[in-house]
Amino acid sequence: MSTVLSLNGITKSYGPIQALKDVSFEVPEGSVFGILGPNGSGKTTLLSIILDVLKANKGNFLWFGRPGSPDQRKKIGSLLETPNFYHYLSAINNLRVTQSISGRGTAADIDAVLKKVRLFERRKSRFSTFSLGMKQRLAIASSLLGDPQVLVLDEPTNGLDPVGIAEIRQLILELRKSGHTIILASHLLDEVEKVCTHVAILKTGTLLTTGDVEEVLMDEDVVELSAPDLASLANVLRQINDDVVMDGTSNTIHLRFPRGEARLDEINSFCFKNGIALNHLILKKKRLEARFFELTNN
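Note that the coordinates shown come from a computational prediction; the quantities given were computed from them, not determined experimentally.

Thoughts on the overall build of the protein
Turning to step 1, where the next piece is worked out: Helix and strand content of the protein: 11 helices and 13 strands.
Turning to step 2, where the next piece is worked out: For the protein, the spread of C-alpha atoms along the three principal axes comes to 75 × 45 × 35 Å.
Turning to step 3, where the next piece is worked out: Within the span of the protein, comprising 298 residues, buried residues form 47% of the whole.
Turning to step 4, where the next piece is worked out: Intrachain contacts of the protein at a sequence separation of at least 6 include 69% that bridge at least 24 residues.
Turning to step 5, where the next piece is worked out: Within the structure as shown, the protein displays about 14600 Å² of accessible surface, and the carbon and sulfur contribution to it stands at 50%.
Turning to step 6, where the next piece is worked out: Of the side chains in the protein, 35 bear a positive and 34 a negative charge, and the two mean positions are spaced by 9 Å.

Observations regarding the environment of A112
Turning to step 1, where the next piece is worked out: By the secondary structure assignment, A112 is in helix α4 (residues 109-116).
Turning to step 2, where the next piece is worked out: Sequence separation of A112 and L144 is 32 residues, and the distance between their C-alpha atoms is 9.3 Å.

Some details on the packing of aromatic side chains
To describe a pair of aromatic rings, one takes the distance between the centres and the angle between the planes.
Turning to step 1, where the next piece is worked out: Enumeration over the complete set of coordinates arrives at 5 aromatic pairs.
Turning to step 2, where the next piece is worked out: Between the aromatic rings of W63 and F64, the centroid separation amounts to 6.2 Å while the plane-to-plane angle is 35 degrees, which identifies the pairing as tilted.
Turning to step 3, where the next piece is worked out: Ring geometry for F127 against F130: centres 6.3 Å apart, planes inclined by 55 degrees, an arrangement best described as tilted. Pair check on accessibility: F127 and F130 agree, each one buried.

As for the environment of T210
Turning to step 1, where the next piece is worked out: Locating T210 in the fold gives a position in strand β9 (residues 206-212).
Turning to step 2, where the next piece is worked out: Taking C-alpha positions, T210 is 9.8 Å from F33, a pair spaced 177 residues apart along the chain.
Turning to step 3, where the next piece is worked out: Reaching out from T210, the side chain makes a polar contact with the backbone oxygen of V199 at a distance of 3.0 Å.

What about the sheet that holds strand β1 (residues 3-14)?
Across a sheet, strands are paired by hydrogen bonds formed along the backbone, either parallel or antiparallel in direction.
Turning to step 1, where the next piece is worked out: In spatial order, the strands read β2-β1-β4; together these 3 strands make up an open sheet with antiparallel pairing. On the outer flanks of this sheet lie β2 (17-28) and β4 (58-63), each paired with one strand and no other. Strand-to-strand twist in this sheet, taken as the mean axis angle between neighbours without regard to direction, amounts to 15 degrees.
Turning to step 2, where the next piece is worked out: Sheet topology note: the β1/β2 ladder contains 8 bridges and is antiparallel. What sits directly across from T3, in β2, is P28.
Turning to step 3, where the next piece is worked out: Sheet contacts for helix α1 (residues 43-50): β1, β2 and β4; angle to β1, the most-contacted strand, approximately 120 degrees.

Considerations on unusual backbone geometry
The phi angle of most residues is negative, glycine excepted, and most peptide bonds adopt the trans form.
Turning to step 1, where the next piece is worked out: Phi at D52 takes a positive value of approximately 65 degrees, unusual for a residue other than glycine.
Turning to step 2, where the next piece is worked out: In this structure, D52 sits in the loop between α1 and β4.
Turning to step 3, where the next piece is worked out: Positive phi, close to 45 degrees, is recorded for T204, a residue that is not glycine.
Turning to step 4, where the next piece is worked out: Within the secondary structure, T204 sits in the loop between β8 (198-203) and β9.

Points about the pattern of salt bridges
Turning to step 1, where the next piece is worked out: Evaluation of the coordinates by the stated rule reveals 4 salt bridges.
Turning to step 2, where the next piece is worked out: For D52, the salt bridge is made with K55, and the minimal N-O distance between the two is 3.9 Å.
Turning to step 3, where the next piece is worked out: Between E174 and R118 there is a salt bridge, with its nearest N and O atoms 2.7 Å apart. Of this pair, E174 sits in helix α6 (residues 162-177) while R118 sits in the loop between α4 and α5 (132-144); the two residues are 56 residues apart in sequence, bridging distant segments of the chain.
Turning to step 4, where the next piece is worked out: E174 sits in the partly exposed class, given a relative accessible area of 29%.
Turning to step 5, where the next piece is worked out: Residue classification places R118 among the partly exposed positions, given a relative accessible area of 37%.

Thresholds applied
Residues numbered from 1 in each chain as written. Predicted model: local features only at pLDDT ≥ 70, side-chain atom pairs only at ≥ 80, totals over all residues. Heavy atoms only, no water. Helix = DSSP H or I, 4+ residues; strand = E, 2+ residues; numbered from the N terminus. Buried < 20%, exposed > 50% of the residue type's maximum accessible area, 1.4 Å probe, protein only. Contact = heavy atoms within 4.5 Å. Areas by Shrake-Rupley, 256 points an atom, 1.4 Å probe, with all protein chains shown as cover. Lys, Arg positive; Asp, Glu negative; His and termini not counted. Charge placed at Lys NZ, Arg CZ, Asp CG, Glu CD. Phe/Tyr/Trp six-rings, centres within 6.5 Å; stacked < 30°, edge-to-face > 60°. Polar contact = N/O pair within 3.5 Å; in protein donor to acceptor, adjacent residues only side chain to side chain. Pairing = 2+ DSSP bridges. Axes fitted to C-alpha atoms, helices over the stretch in contact; angles between N-to-C directions. Salt bridge = Lys/Arg side-chain N within 4 Å of Asp/Glu carboxyl O.

Below you can see the structure in the form of structure tokens.
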């Protein structure tokens, strides 16, 4: 898998405030790459730097293995803030204005991007009649003009209701399937977990971790298991591992191991030999939200 974007030691300061501190990571082609962090973590600053809106004080970045250039920029669509669409114009006419001003793509591209964001049937409707989710889909359509390989989106579901959030989530998945690489900043961890293949987590400008979502979540093995007599199961499990946590709500026990060291077949066999018949045994994936708070609260 080739690399779409490489960041190398990106540092940015605003006077005495250091917004980004030596941030380095790579975005694989075909991924949905989430940049996560609390407010003030440097997400928007980072997106602004890779889009040449801001200049870094130190470090560099490469698009498609080369320094940025006008030709490279044509391969990147972006949405840092919602475009100023005209409320009295239709969707198609708003995109005609955007296309004329930006010079991205041609008039023929407009029908194609409206189809991609599932607004073609409403292309002649006024912008003022659109729901919040439809307005955001039209904004993403504007970033798709010129058929860029990469989309950079800053908080694409911010301010949307659950229906609008679900619409954008589905759209992101469809865009990835059609061959786009998507880089998005967000604080909605549940949504990121549903769409992202890779993540980078920032806190006050410092990169805490980055990588494939599964790798970031599975920092340790958490085995979830249960049996009719939970207390007896806990006593047996303590012979294997002292880190036994009982959950009375779900009537399960969590057993923690260093990453890659849990052996479910051996645990099952050990319990059976000690008179415990398990009725539940899985390797549990940690929620992104839990992992995020572990990292950012330290």
